[in-house]
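Breakdown of the fold
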Amino acid sequence: REEIDALNVYPVPDGDTGTNMFLTMESAREALRDHLAAASGDQEPDLGPALHVYAKAALLGARGNSGVILSQLIGALFKRMGQGGPDDRSAALMAEGFALATDAAYAAVGTPVEGTMLTVARDAAGAAARSAADPDSHLGDVLVAAAAEAREALARTPDQMQLLRDAGVVDAGGAGLCVILDAAATAVT
(Lines give C-alpha, C1' and ligand atoms only; values in the text may rest on other atoms or scores of the structure.)
Protein backbone atom coordinates (compact mmCIF):
# COMPACT_ATOMS: atom_id res chain seq x y z
CA ARG A 1 0.00 0.00 0.00
CA GLU A 2 2.72 2.46 0.94
CA GLU A 3 4.77 1.64 -2.16
CA ILE A 4 1.76 2.25 -4.39
CA ASP A 5 0.87 5.45 -2.52
CA ALA A 6 4.42 6.69 -3.19
CA LEU A 7 3.95 6.22 -6.96
CA ASN A 8 0.78 8.33 -7.06
CA VAL A 9 1.25 11.39 -9.28
CA TYR A 10 -1.80 11.14 -11.57
CA PRO A 11 -4.46 12.51 -11.68
CA VAL A 12 -3.48 14.32 -8.46
CA PRO A 13 -0.25 13.68 -6.54
CA ASP A 14 -2.08 13.04 -3.27
CA GLY A 15 -0.33 9.76 -2.42
CA ASP A 16 -3.44 7.70 -1.69
CA THR A 17 -3.95 5.27 -4.58
CA GLY A 18 -2.68 2.22 -2.69
CA THR A 19 -4.72 3.14 0.35
CA ASN A 20 -7.84 3.75 -1.74
CA MET A 21 -7.52 0.41 -3.51
CA PHE A 22 -6.87 -1.36 -0.20
CA LEU A 23 -9.92 0.24 1.44
CA THR A 24 -12.09 -0.68 -1.56
CA MET A 25 -10.99 -4.32 -1.38
CA GLU A 26 -11.26 -4.36 2.42
CA SER A 27 -14.85 -3.12 2.23
CA ALA A 28 -15.71 -5.92 -0.19
CA ARG A 29 -13.90 -8.52 1.91
CA GLU A 30 -15.74 -7.50 5.09
CA ALA A 31 -19.12 -7.62 3.34
CA LEU A 32 -18.33 -11.09 1.99
CA ARG A 33 -17.28 -12.28 5.47
CA ASP A 34 -20.56 -10.99 6.90
CA HIS A 35 -22.49 -12.67 4.09
CA LEU A 36 -20.76 -15.99 4.61
CA ALA A 37 -21.19 -15.81 8.38
CA ALA A 38 -24.91 -15.32 7.87
CA ALA A 39 -25.14 -18.36 5.56
CA SER A 40 -27.17 -21.09 7.16
CA GLY A 41 -25.91 -24.50 8.21
CA ASP A 42 -22.94 -26.39 6.94
CA GLN A 43 -23.88 -26.19 3.28
CA GLU A 44 -21.55 -24.40 0.90
CA PRO A 45 -22.84 -20.90 0.09
CA ASP A 46 -24.11 -20.20 -3.42
CA LEU A 47 -21.41 -18.53 -5.52
CA GLY A 48 -23.71 -16.10 -7.37
CA PRO A 49 -24.99 -14.22 -4.31
CA ALA A 50 -21.50 -14.18 -2.78
CA LEU A 51 -20.04 -12.60 -5.92
CA HIS A 52 -22.87 -10.06 -5.97
CA VAL A 53 -22.29 -9.11 -2.33
CA TYR A 54 -18.56 -8.67 -2.94
CA ALA A 55 -19.01 -6.57 -6.09
CA LYS A 56 -21.70 -4.37 -4.55
CA ALA A 57 -19.61 -3.74 -1.45
CA ALA A 58 -16.58 -2.87 -3.61
CA LEU A 59 -18.67 -0.26 -5.41
CA LEU A 60 -20.22 1.15 -2.25
CA GLY A 61 -16.88 1.16 -0.45
CA ALA A 62 -14.87 2.51 -3.38
CA ARG A 63 -12.42 5.23 -2.46
CA GLY A 64 -10.96 7.68 -4.95
CA ASN A 65 -10.63 7.28 -8.70
CA SER A 66 -8.61 4.08 -8.39
CA GLY A 67 -11.16 2.52 -6.05
CA VAL A 68 -14.05 3.38 -8.35
CA ILE A 69 -12.26 1.96 -11.39
CA LEU A 70 -11.31 -1.15 -9.40
CA SER A 71 -14.92 -1.60 -8.30
CA GLN A 72 -16.06 -1.42 -11.92
CA LEU A 73 -13.50 -4.05 -12.91
CA ILE A 74 -14.63 -6.31 -10.07
CA GLY A 75 -18.33 -5.77 -10.75
CA ALA A 76 -18.21 -6.69 -14.43
CA LEU A 77 -15.83 -9.61 -13.89
CA PHE A 78 -17.89 -11.07 -11.07
CA LYS A 79 -21.14 -10.57 -12.97
CA ARG A 80 -19.79 -12.69 -15.81
CA MET A 81 -18.42 -15.28 -13.40
CA GLY A 82 -21.82 -15.49 -11.72
CA GLN A 83 -23.45 -16.22 -15.08
CA GLY A 84 -21.17 -19.17 -15.72
CA GLY A 85 -22.62 -22.63 -15.96
CA PRO A 86 -21.24 -26.12 -15.47
CA ASP A 87 -20.42 -26.46 -19.17
CA ASP A 88 -18.38 -23.24 -19.33
CA ARG A 89 -14.59 -23.51 -19.39
CA SER A 90 -13.25 -21.51 -16.48
CA ALA A 91 -10.44 -20.16 -18.66
CA ALA A 92 -12.87 -18.78 -21.24
CA LEU A 93 -15.21 -17.46 -18.56
CA MET A 94 -12.37 -15.56 -16.88
CA ALA A 95 -11.13 -14.11 -20.18
CA GLU A 96 -14.65 -12.98 -21.09
CA GLY A 97 -15.00 -11.46 -17.63
CA PHE A 98 -11.72 -9.57 -18.04
CA ALA A 99 -12.92 -8.14 -21.36
CA LEU A 100 -16.23 -7.04 -19.87
CA ALA A 101 -14.42 -5.61 -16.85
CA THR A 102 -12.17 -3.51 -19.05
CA ASP A 103 -15.14 -2.21 -21.03
CA ALA A 104 -16.94 -1.29 -17.80
CA ALA A 105 -13.90 0.50 -16.40
CA TYR A 106 -13.37 2.54 -19.56
CA ALA A 107 -17.08 3.41 -19.64
CA ALA A 108 -16.96 4.59 -16.02
CA VAL A 109 -14.32 7.22 -16.78
CA GLY A 110 -15.44 10.44 -18.48
CA THR A 111 -12.20 10.91 -20.40
CA PRO A 112 -10.09 7.74 -20.35
CA VAL A 113 -6.34 8.36 -20.34
CA GLU A 114 -3.78 5.87 -21.61
CA GLY A 115 -0.88 5.02 -19.36
CA THR A 116 -3.18 4.39 -16.41
CA MET A 117 -4.71 1.36 -14.75
CA LEU A 118 -7.21 1.32 -17.62
CA THR A 119 -4.41 0.54 -20.06
CA VAL A 120 -3.00 -2.10 -17.74
CA ALA A 121 -6.44 -3.72 -17.43
CA ARG A 122 -7.00 -3.67 -21.20
CA ASP A 123 -3.65 -5.26 -21.96
CA ALA A 124 -4.19 -7.91 -19.26
CA ALA A 125 -7.60 -8.70 -20.76
CA GLY A 126 -6.01 -9.13 -24.18
CA ALA A 127 -3.48 -11.58 -22.79
CA ALA A 128 -6.26 -13.46 -20.99
CA ALA A 129 -8.21 -13.78 -24.24
CA ARG A 130 -5.15 -15.05 -26.13
CA SER A 131 -4.45 -17.60 -23.42
CA ALA A 132 -8.08 -18.77 -23.22
CA ALA A 133 -8.18 -19.25 -27.00
CA ASP A 134 -6.02 -22.34 -26.50
CA PRO A 135 -8.51 -25.16 -25.76
CA ASP A 136 -5.98 -26.75 -23.40
CA SER A 137 -5.65 -23.57 -21.35
CA HIS A 138 -6.86 -23.63 -17.77
CA LEU A 139 -7.90 -20.86 -15.37
CA GLY A 140 -4.41 -20.66 -13.90
CA ASP A 141 -2.91 -20.21 -17.36
CA VAL A 142 -5.25 -17.30 -18.07
CA LEU A 143 -4.49 -15.60 -14.77
CA VAL A 144 -0.74 -16.06 -15.15
CA ALA A 145 -0.87 -14.62 -18.69
CA ALA A 146 -3.01 -11.67 -17.57
CA ALA A 147 -0.73 -10.91 -14.62
CA ALA A 148 2.43 -11.13 -16.75
CA GLU A 149 1.01 -8.82 -19.40
CA ALA A 150 -0.23 -6.41 -16.73
CA ARG A 151 3.33 -6.08 -15.40
CA GLU A 152 4.63 -5.44 -18.91
CA ALA A 153 1.88 -2.88 -19.56
CA LEU A 154 2.70 -1.20 -16.25
CA ALA A 155 6.34 -0.87 -17.29
CA ARG A 156 5.17 0.93 -20.46
CA THR A 157 3.00 3.50 -18.64
CA PRO A 158 5.76 6.15 -18.43
CA ASP A 159 6.08 5.94 -22.21
CA GLN A 160 2.37 6.75 -22.50
CA MET A 161 2.14 9.63 -20.04
CA GLN A 162 4.63 12.48 -19.77
CA LEU A 163 3.70 13.15 -16.13
CA LEU A 164 4.77 9.65 -15.13
CA ARG A 165 7.95 9.88 -17.18
CA ASP A 166 8.86 13.24 -15.60
CA ALA A 167 8.30 11.83 -12.09
CA GLY A 168 10.22 8.64 -12.88
CA VAL A 169 7.36 6.37 -11.79
CA VAL A 170 4.83 3.93 -13.24
CA ASP A 171 1.10 4.41 -12.81
CA ALA A 172 0.04 3.80 -9.21
CA GLY A 173 -3.38 2.34 -10.06
CA GLY A 174 -1.77 0.05 -12.61
CA ALA A 175 0.70 -1.08 -9.97
CA GLY A 176 -2.17 -1.87 -7.63
CA LEU A 177 -3.93 -3.85 -10.33
CA CYS A 178 -0.72 -5.85 -10.89
CA VAL A 179 -0.62 -6.74 -7.20
CA ILE A 180 -4.21 -7.98 -7.37
CA LEU A 181 -3.66 -10.01 -10.53
CA ASP A 182 -0.44 -11.50 -9.17
CA ALA A 183 -2.29 -12.50 -6.00
CA ALA A 184 -5.10 -14.09 -8.01
CA ALA A 185 -2.64 -16.02 -10.18
CA THR A 186 -0.74 -17.19 -7.10
CA ALA A 187 -3.91 -18.27 -5.32
CA VAL A 188 -5.14 -20.30 -8.29
CA THR A 189 -1.80 -21.84 -9.26
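What counts, and where the lines are drawn
Residues numbered from 1 in each chain as written. Predicted model: local features only at pLDDT ≥ 70, side-chain atom pairs only at ≥ 80, totals over all residues. Heavy atoms only, no water. Core = buried A, V, L, I, M, F, W, Y, C linked by side-chain atoms within 4.5 Å. Buried < 20%, exposed > 50% of the residue type's maximum accessible area, 1.4 Å probe, protein only. Helix = DSSP H or I, 4+ residues; strand = E, 2+ residues; numbered from the N terminus. Contact = heavy atoms within 4.5 Å. Polar contact = N/O pair within 3.5 Å; in protein donor to acceptor, adjacent residues only side chain to side chain. Expected span 1.5 Å × (residues − 1). Bend = angle between axes of the 7 residues up to and from the residue. Salt bridge = Lys/Arg side-chain N within 4 Å of Asp/Glu carboxyl O.

1. What about the nonpolar core?
- Core analysis: the biggest nonpolar cluster contains 48 residues, and Leu-73, Ile-74, Phe-78, Phe-98, Val-120 and Leu-181 have the highest contact counts within it.
- Mapped onto this core, the elements with two or more residues apiece are helix H1 (2–7), helix H2 (17–38), helix H3 (47–60), helix H4 (64–83), helix H5 (90–108), helix H6 (117–132), helix H7 (139–160) and helix H9 (172–188).
- It is H6 that contributes the most residues to this core, 8 residues altogether.
- In this structure, Ile-74 is in contact with Met-25, Tyr-54, Ala-55 and Ala-58, ignoring residues within four places of it in sequence.

2. A closer look at the side chain of Ser-137
- As for its position among the elements, Ser-137 is in the loop between H6 and H7.
- The exposure class assigned to Ser-137 is buried, which follows from its relative accessible area of 6%.
- A distance of 3.1 Å separates the side chain of Ser-137 from the backbone oxygen of Ser-131, its partner in a polar contact.

3. Let's talk about the environment of Gly-64
- Topologically, Gly-64 is positioned in helix H4.
- Considered as a pair, Gly-64 and Asn-20 are 44 residues apart in the sequence and their alpha carbons are 6.0 Å apart.

4. Some thoughts on H7
- The terminal C-alpha atoms of H7 lie 30 Å apart, and with 22 residues this matches the ideal 32 Å at 1.5 Å per residue to within 8%.
- At Leu-154, H7 shows its largest kink, close to 25°, and the proline Pro-158 lies no more than four residues downstream.
- Where H7 is buried, its residues meet H5, H6, helix H8 (162–167) and H9.

5. A few points about the pattern of salt bridges
- Summed over the entire model, instances satisfying the criterion amount to 9 salt bridges.
- One salt bridge in this structure joins Arg-33 and Glu-30, with 3.5 Å as the shortest N-O distance. Taken as a pair, Arg-33 and Glu-30 lie in helix H2 at a separation of 3 residues, close to a single helical turn.
- Owing to a relative accessible area of 32%, Glu-30 belongs among the partly exposed residues under this scheme.
- The partner of Arg-151 in a salt bridge is Asp-182, with the nearest N and O atoms 2.4 Å apart. Taken together, the residues span a long stretch of sequence, with Arg-151 in helix H7 and Asp-182 in helix H9 at a distance of 31 residues.
- Counted as one network, the salt bridges with shared partners bring together Glu-114, Arg-122, Asp-123, Glu-149 and Arg-156.

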